[in-house]
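So the chains spell out like this:
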Amino acid sequence: MSDAPPIWFRPERGSRGPQPGHSRDEIVAAAVALADADGLAAVSMRAVAGALGTGAGSLYRYLSSRDDLLDLMTDRVIGELRPFPAIGPDPMTALLGLAGRQLDLYRQHPWLIDLLTRPSGLGPEGLAWFDHCLHVLEPVRCGSAAKFEALAMMTGVVTLFVRQERAAPPPAFTGFDLTAYPHLIAAFGDPGAPREDLFERTLRGLLGALLS
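The structure presented is a predicted model; accordingly, all values stated were derived computationally and were not measured.

Draft legend 1. Focus on the packing of helix α5 (residues 91-108) against helix α7 (residues 144-166). The interhelical angle for the contact between α5 and α7, taken along N-to-C directions, is 40°, at an axis separation of 10 Å. Relative to α7, the element α5 lies oblique. The two elements α5 and α7 meet at a crossing, and its hand is right-handed. From α5, L95, A99, Q102, L103, Y106 and R107 reach across to α7, where they touch L151, M154, T155, V158, T159, F161, V162 and E165.

In structure tokens, the structure reads:
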């Protein structure tokens, strides 16, 4: 295991070698564009270097490994949650608004879901996001553990909805005469509430129970 400090605390580039032609920010932007277009598997040091018109070796003047790159990508897109909205009088409404922002972010960068559990991935923007969420919950009279649990649950629900949207549709009941199953027909024929309403109702029920 490397003894190097996390990428957040290292200088932007190494002191050795010629002056590089790209900034760390440009490298991360290229990696995010690759992930958005073709998924996380498309992001390699070689592919990112190719997108920048340089050799993979030059990237190691800025980064020690692909893990560093993934950490920077995570923090960069979490930064898109800024500017944080003003905090209103109702913490639950404010938190639901933040969850909606999170949902939009994960839809735009679906690969982000696969990086959230990495222990090294929480950088300055991630910390700022959680700090703001805790600020929203400041008036709620419950312990810090319950608040952290609520925020974890919020992220879990957001992740679940995005994963379901990305999943393949269920197979059709080919060959079955569904007239023998009237309750199934009724259920499939009822579009139900809009998905946005389901998202809000799910979160409101879970968060209300945790923060009460």
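Draft legend 2. The arrangement of unusual backbone geometry in detail. Following R82, the chain continues into P83 via a peptide bond in cis, with omega recorded as -5°. The residue P83 is located in the loop between α4 (66-78) and α5 in this model.

Draft legend 3. Structural view of the packing of helix α6 (residues 124-136) against α7. Between α6 and α7, whose axes approach to 11 Å, the crossing angle comes to 120°. It follows from the interaxial angle that α6 and α7 lie oblique. In the packing of α6 onto α7, the handedness of the crossing is right-handed. For the pair formed by α6 and α7, the contact residues are W129, F130, C133 and L134 on the first element and K147, F148, L151 and M154 on the second. Here the residues of the contact of α6 with α7 are counted per class, giving seven nonpolar, no polar and one charged.

Draft legend 4. Molecular detail of the layout of surface pockets. Taken as a whole, the largest pocket spans an internal volume of roughly 300 Å³. Taken together, the elements giving at least two residues each to the lining of the largest pocket come down to α4, α5, α6 and α7.

Draft legend 5. Examining α4 more closely. Compared with the 18 Å implied by 1.5 Å per residue over 13 residues, the 18 Å span of α4 between its first and last C-alpha is a close match. When you tally the buried positions in α4, you get ten out of 13 residues, the bulk of the element. Among the residues of α4, those classed as buried are D68, L69, L70, D71, L72, M73, T74, D75, V77 and I78. Near the N-terminus of α4, the side chain that reaches the backbone nitrogen of D67, with its oxygen 3.3 Å away, is that of S65.

Rules and cut-offs
Every chain's residues receive numbers from 1 upward, in the order its sequence appears when written. Confidence filtering applies because this is a predicted model: local features only for residues at pLDDT of at least 70, side-chain atom pairs given and counted only at 80 or more, and all residues used for totals across whole chains, interfaces and linings. Only hydrogens and water are removed before side-chain values are computed, so all heavy atoms of the structure are retained for them. Under this scheme, a helix contributes an axis fitted over its contacting stretch, all axes are lines through C-alpha atoms, and angles between N-to-C directions fall in the 0 to 180 degree range. In this text, helices come from DSSP runs of H or I with a minimum length of four residues, and strands from runs of E with a minimum of two, each type numbered from the N-terminal end. Every angle not falling under 35 degrees, over 145, or within 65 to 115 is termed oblique; those three ranges are roughly parallel, roughly antiparallel and roughly perpendicular. Here is the rule for handedness: rotate from the far helix to the near one, and if that takes an anticlockwise turn smaller than a right angle the crossing is left-handed, while a clockwise turn gives right-handed. Should any heavy atoms of two residues lie within 4.5 Å, those residues are considered in contact. Residues are grouped as follows: Ala, Val, Leu, Ile, Met, Phe, Trp, Tyr, Cys and Pro are nonpolar; Asp, Glu, Lys and Arg are charged; every other residue, Gly included, is polar. Whether a set of points on the 1 Å grid over the protein atoms alone is a cavity depends on a 1.4 Å probe fitting there but being unable to get out, while an open set qualifies as a pocket with protein on both sides within 12 Å along at least five of seven lines; lining residues are those with an atom within 4 Å of a point. Grid points are joined across faces, edges and corners, and a volume is the space filled by probe spheres set on the points. Expected span, for any helix, means 1.5 Å times one less than how many residues it has. Note on exposure labels: buried denotes an accessible area under 20% of the residue type's maximum, exposed denotes more than 50%, and partly exposed covers the range between, all computed with a 1.4 Å probe on protein chains only. A 3.5 Å cut-off defines polar contacts: any pair of N or O atoms within that distance qualifies, except that in protein one atom must be a possible hydrogen donor and the other a possible acceptor, and neighbouring residues in sequence count only when both atoms are side-chain atoms.

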